[in-house]
Amino acid sequence: MSHPQGLFKSHKRVKDNSSGREGSGGLESERMVKAVIFAVEEINSNLSLLPNLTLGYLEADTCLADSTTLLAAMSVVTGRKDYLANSECASVPTVPVIVGDPQTSASIVVADTVGVFDMPRVSSLASCVCLSDNRLYPLFFCTMPSDAAQTRAMAELLQLLGWT
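All values reported here derive from a predicted model rather than from experimental measurement.

**Q** What should I look at first to understand the confidence of the model for the protein in this one?
**A** In the predicted model, the protein carries a mean pLDDT of 76, and the fraction of residues at 70 or more is 69%. The secondary-structure element of the protein with the lowest mean pLDDT is strand β2 (residues 22-24), recorded at 46, while helix α4 (residues 147-160) shows the highest, at 94. Every residue in residues 14-24 scores below 50 in pLDDT, and together they form 13 contacts with partners more than four places removed in sequence or on other chains.

**Q** What exactly am I supposed to notice about the environment of Phe140 here?
**A** Position of Phe140 among the secondary structure elements: in strand β5 (residues 140-142). A relative accessible area of 8% places Phe140 in the buried class. Along the primary structure Phe140 and Val122 are separated by 18 residues, whereas in three dimensions their C-alpha atoms are 6.0 Å apart. Contacts of Phe140, omitting those with residues within four sequence positions, involve Ser107, Ala111, Arg121, Ser123, Ala126 and Leu131.

**Q** I tried to follow the environment of Ala111 on my own but got confused; where do I start?
**A** Structurally, the position occupied by Ala111 is in helix α3 (residues 104-114). Along the chain, Ala111 and Leu131 lie 20 residues apart, while their C-alpha atoms are 8.9 Å from each other. Discounting residues that sit within four places of it in the chain, Ala111 has contacts with Arg121, Tyr137 and Phe140.

**Q** Where do I start with unusual backbone geometry in this structure?
**A** Peptide bonds are mostly trans, and most non-glycine residues show a negative phi. A positive phi angle is found at Asn52, which is not glycine, with a value near 65°. Looking at the element boundaries, Asn52 is found in the loop between α1 (27-45) and α2 (66-78).

What counts as what
Residues numbered from 1 in each chain as written. Predicted model: local features only at pLDDT ≥ 70, side-chain atom pairs only at ≥ 80, totals over all residues. Heavy atoms only, no water. pLDDT = per-residue confidence, 0-100. Helix = DSSP H or I, 4+ residues; strand = E, 2+ residues; numbered from the N terminus. Contact = heavy atoms within 4.5 Å. Buried < 20%, exposed > 50% of the residue type's maximum accessible area, 1.4 Å probe, protein only.

Dropping the structure here:
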């Protein structure tokens with residue numbers, strides 16, 4: 001059986017900056033989550049609505065932040081709830097930097113995935129000039145020049161040595 005899943009913005013605690021107190025918040029989000037849970041349970045209980053299909057849901061406080069939303073999505077994709085086990089709205093990743101895969105394609109995937117955590121990534125061999133775009137990858141660092149920079153350097157060397 002298939003188990004379609006859904007993600008909805010949600011945040012259960014709101015801190016009032018003026019008073020410093022925490023209270024329940026996100027009443028609209030809370031209503032949406034309750035409506036989704038009700039709808040999923042109603043649909044699943046009526047076997048004629050979606051035969052051979054069971055809907056599911058994962059309720060998680062995303063803190064209305066990209067990083068915790070990504071953790072929730074990873075839980076849905078992998079079926080592992082341990083992604084959410086230690087997530088809190090004020091939590092900071094415990095890893096200071098990721099020294100990643102030397103391949104460019106893998107470096108791009110990792111940079112795109114963990115970019116929301118504002119965690120620096122370093123690759124020893126990724127050489128795509130696209131990774132030098134600070135707007136897309138502000139915390140990506142490579143220990144070697146891009147393919148384009150290497151090509152320019154070789155062309156300059158050939159000209160300097162008169163080998164052209």
